[in-house]
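Observations on the model geometry
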Amino acid sequence: MCENILPSPKTDHYRNRMDFVINFEGRVGMREKGAWWKVIDNHTCFLADEQIDRLFPIVREWVQTSGLSFYDRKSHEGILRYAVIRCTSLGQTMINIITSDPADQSETVTEAMKLLNESCRPSTLIHSINKTQTDVSFGEDIRVLYGPGFIEERIDGINYRISPNAFFQTNSFASPLLLQTVRKFCSDLSNKTLLDLYCGTGFFSIALAKHAKSVIGVELSDEAIVDAKENALLNDLQNTQYISAKTEEFDWATYKPDVVILDPPRSGMHTKALADVLRIRPKEIIYVSCNPKIFAKELIEFQKAYTVSQTQAIDQFPHTPHVELVTKLSLRA
């Protein structure tokens, strides 16, 4: 039973990433609730970090005066699709402009981006190209226009690099609580092998590696694995191995992990991945869930072999119905 929820140290202006939609009329902001096709112009949401609040009106004005066309999600014509603004507690900022393939307008887009950089002066400016009709706020063709192409964060004494398409915890203020909880639940990692499934950029395993004999991280995203390896170097770690693979297709039994961290997406674990855990049966599992309802369903399966030792909820998402739940599962004797 989870007896309490650790509160976020900050309950507004905490989000370090906001994805702003650009619609066919040049409106820039958040989608209206219940009407995905409608964009509330000039709306940032009070959850956005103050650094994002500062940059948003400049980016919005640039969108509307850049001379570039706006993407129409019905006709699939136009250039500008999204403006993603990210920041860190270290004061670094990233602006990522997502467009359709500019084709013969490349020079015009480049000139417009130059003006955006001069007016905003972000730590890094990215141009991402989405060549599909899929309405997503990222592109596979990433062009670093200014700066290093990434921003850096420091959480609970651990350094992280964040690239344009990399997932990172959206609340930098509450993230230390999440790390500390996972570290506490892992207890003594000396001479133990830690396996981090759905590892992303190594948020948990990078922080725990100095306490363990060895660390293996598995993640589907190639870009996230590149970041994880870089994060290991940033923190001077020599005992980590990061592998790009689907968790449900990766044979991790040969590593014989003592502790397994599971941090799946909101949709939960793949059925094959869950079956693998129950088949291999590591001694301890630390399950990090941003969707406790899905975890509750999976827990029915876990309890065939495991007991719940500890639970802790962290309010990573104030003013929303979501919460981060950390659960320690111990193998039955």
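Details of the structure are given in the entry above.
Residues numbered from 1 in each chain as written. Predicted model: local features only at pLDDT ≥ 70, side-chain atom pairs only at ≥ 80, totals over all residues. Heavy atoms only, no water.

Another point: the overall build of the protein. If you tally the helices and strands in the protein, you get seven helices and 17 strands. Judged by the C-alpha coordinates and their principal axes, the protein covers about 65 × 40 × 35 Å. Split into buried and exposed, the 333 residues of the protein put 53% on the buried side. Sequence separation of at least 24 residues holds for 66% of the intrachain contacts in the protein that already meet a minimum separation of 6. For the protein, the exposed area adds up to about 15400 Å²; of that, 51% sits on carbon and sulfur atoms. (Helix = DSSP H or I, 4+ residues; strand = E, 2+ residues; numbered from the N terminus. Buried < 20%, exposed > 50% of the residue type's maximum accessible area, 1.4 Å probe, protein only. Contact = heavy atoms within 4.5 Å. Areas by Shrake-Rupley, 256 points an atom, 1.4 Å probe, with all protein chains shown as cover.)

What follows deals with the side chain of R73. Position of R73 relative to the elements: it lies in the loop between α1 (50–65) and β5 (80–87). Reaching out from R73, the side chain makes a polar contact with the side chain of D135 at a distance of 2.9 Å. The contact partners of R73, leaving out residues within four places of it in the chain, are V21, I22, N23, R31, R81, Y82 and D135. (Polar contact = N/O pair within 3.5 Å; in protein donor to acceptor, adjacent residues only side chain to side chain.)

On to the pairing of strand β9 (residues 151–155), then. The two faces of β9 differ: I151, E153 and I155 on one face are buried, but E152 and R154 on the other face are not. Sheet analysis places β9 next to strand β10 (residues 158–162), joined by five bridges and oriented antiparallel. Paired with I155 across the bridge in β10 is I158. Linkage of β9 to β10, two consecutive antiparallel strands, is achieved through a turn of two residues, within which D156 is found at a positive phi near 55°. (Pairing = 2+ DSSP bridges.)

In this section: the layout of surface pockets. Estimated volume of the largest pocket: approximately 1700 Å³. Around the largest pocket sit 48 residues that line it, and R15, F167, F168, T170 and R266 are the ones nearest its centre. Among the secondary structure elements, those contributing two or more residues to the lining of the largest pocket are β2 (17–22), β3 (28–32), α4 (203–208), β12 (214–219) and α5 (222–234). Sort the elements by how many residues they give to the lining of the largest pocket and β2 lands first, with three residues. Residues that form the lining of the largest pocket fall into these classes: 23 nonpolar, twelve polar and 13 charged. Quantified by volume, the second largest pocket comes out at close to 260 Å³. (1 Å grid on protein atoms, 1.4 Å probe; cavity = no way out; pocket = protein on both sides within 12 Å on 5 of 7 lines; lining within 4 Å. Points joined across faces, edges and corners; volume = space filled by probe spheres on them. Nonpolar A, V, L, I, M, F, W, Y, C, P; charged D, E, K, R; others polar.)

Reading across the sheet, the eight strands line up as β1-β16-β17-β15-β14-β11-β12-β13 and stay open at both edges, with mixed pairing between neighbours. Taken across any chain shown, the strands that pair with only one partner, and hence form the sheet edges, are β1 (5–6) and β13 (240–244). Alignment of strand β15 (residues 284–289) against strand β17 (residues 324–331), held across six bridges, turns out to be antiparallel. Across the sheet, residue I285 finds its bridge partner in β17, namely L329. Each of β12 and β13 touches α5; the most contacted strand, β13, lies at about 170° to it. Contacts between helix α7 (residues 292–302) and the sheet are confined to β14 (259–262), β15, β16 (306–314) and β17, with β15 contributing the most and set at about 155° to the helix. (Axes fitted to C-alpha atoms, helices over the stretch in contact; angles between N-to-C directions.)

Counting 35 residues, the largest nonpolar core has Y160, V182, F203, F204, Y242, I286 and V326 as its most contacted members. Those residues in contact with F203 that sit more than four places away from it in its chain are I155, Y160, F168, Q169, S175, L178 and L179. Counting 30 residues, the second-largest nonpolar core is a separate cluster that includes V28, I85, I97 and L116. (Core = buried A, V, L, I, M, F, W, Y, C linked by side-chain atoms within 4.5 Å.)

As a further point, take unusual backbone geometry. Backbone geometry places C45, a non-glycine residue, at a positive phi of 85°. Topologically, C45 is positioned in the loop between β4 (35–41) and α1. For R281, which is not glycine, the phi torsion reads 55° and is therefore positive. With respect to the helices and strands, the residue R281 is situated in the loop between α6 (271–280) and β15.

A word on α7. F295, E298, L299 and F302 are the residues of α7 that are buried. Take α7 and look down its axis: the buried residues cluster within an arc of 120°, on one side only. In α7, those exposed residues whose orientation departs by more than 90 degrees from the buried face are K293, K297 and I300. Buried residues along α7 sit against β14, α6, β15, β16 and β17. (Arc of directions from axis to C-beta.)

The strand order β4-β3-β2-β5-β6-β7-β8 describes an open sheet built from seven strands, whose pairing is mixed. Either end of the sheet is taken by a strand with one partner, and the two such strands are β4 and β8 (141–146). Direction aside, the axes of adjacent strands within the sheet are offset by 35° on average. Here β2 runs beside β3; their pairing, made up of two bridges, is antiparallel. What sits directly across from V21, in β3, is G29.

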